[in-house]
Amino acid sequence: MAQAHPKPGLRPFLPADVPVLAAIFAASIEELTGDDYSEAQQEAWMAAAEDAEFGERLAGDLTLIATLEGSPVGFASLRGNDHIRMLYVHPAVAGQGIATMLVDALEKLAGGRGATSLSVDASDTAQGFFTKRGYTAQQRNSVTMNDEWLANTTMKKTLGAAP
């Protein structure tokens, strides 16, 4: 008999989530972005979870937590009504629909808040995921983090449009 996989859930961010979300953030960068970013770039990026502003950014945005059996396995945040600021999934559950569930929810929330489009500054690793969801590249960006340059792509999707 096949064993049923636990169904993921969604819940709002709580301040007590910051340590586990910082760990998901770091694990995701360390294990999933190595083909696109150097080790020095990854370390500079992961360091963003070590400052006090990490929790403040999560609290200041509309942040959703994806859970499996009650434990956080991913998170995504909506800044304002129309920009996905963060999307991170633990490597152990990558490819299992967690990111899709999170972005589906953010798209619905953004639309409910009156947004007609949604943008994201997608890492090179995440760009394919967003392309499949109907986001189109608008511009390439270079950002500096802890003395390292990292590239990403601003992507945009018109809400209500089919992917």
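This text gives an overview of the structure that appears in the document. Just so you know, these numbers come straight off a predicted model, no measurement behind them.

Conventions adopted
Residues numbered from 1 in each chain as written. Predicted model: local features only at pLDDT ≥ 70, side-chain atom pairs only at ≥ 80, totals over all residues. Heavy atoms only, no water. Pairing = 2+ DSSP bridges. Helix = DSSP H or I, 4+ residues; strand = E, 2+ residues; numbered from the N terminus. Axes fitted to C-alpha atoms, helices over the stretch in contact; angles between N-to-C directions. Contact = heavy atoms within 4.5 Å. Expected span 1.5 Å × (residues − 1). Phe/Tyr/Trp six-rings, centres within 6.5 Å; stacked < 30°, edge-to-face > 60°. Buried < 20%, exposed > 50% of the residue type's maximum accessible area, 1.4 Å probe, protein only. Parallel < 35°, antiparallel > 145°, perpendicular 65-115°, else oblique. Nonpolar A, V, L, I, M, F, W, Y, C, P; charged D, E, K, R; others polar.

**Overview of the sheet that holds strand E7 (residues 148-158)**
Across the sheet, seven strands lie side by side as E1-E2-E3-E4-E5-E7-E6; this open sheet has mixed pairing. Single-partner strands in this sheet number two, and they are strand E1 (9-12) and strand E6 (136-145). Recorded for the sheet is a direction-independent mean angle of 30 degrees between the axes of neighbouring strands. Strands strand E4 (83-89), strand E5 (117-123), E6 and E7 of the sheet are contacted by helix H2 (residues 39-46), whose axis makes an angle of about 70 degrees with E7. This element, helix H4 (residues 98-112), spans E1, strand E2 (62-68), strand E3 (71-79), E4, E5 and E7 of the sheet and lies at about 145 degrees to E2.

**Some details on H4**
Taking 1.5 Å of rise per residue, the 15 residues of H4 would be expected to cover 21 Å, and the 21 Å separating its terminal C-alpha atoms lies within 8% of that figure. Of the residues trailing H4, Gly-114 is marked for its positive phi of about 95 degrees.

**Considerations on the packing of aromatic side chains**
Scanning all chains against the criterion turns up eight aromatic pairs. Measuring from ring centre to ring centre gives 5.1 Å for Phe-130 and Tyr-135, while their planes differ by 80 degrees; the resulting arrangement is edge-to-face. For the pair formed by Phe-130 and Tyr-135, the shared burial category is buried. Among the aromatic residues, those joined into a ring-pair cluster are Phe-25, Tyr-37, Trp-45, Phe-54, Phe-75 and Tyr-88.

**What about the packing of helix H1 (residues 18-32) against H2?**
Axis separation between H1 and H2 bottoms out at 9 Å; the angle between their running directions is 170 degrees. Accordingly, the angle class assigned to the pair H1 and H2 is roughly antiparallel. On H2, the residues touching Phe-25, Ala-26, Ile-29 and Glu-30 of H1 are Gln-42, Trp-45 and Met-46. Of the residues assigned to the contact of H1 with H2, the class counts are five nonpolar, one polar and one charged.

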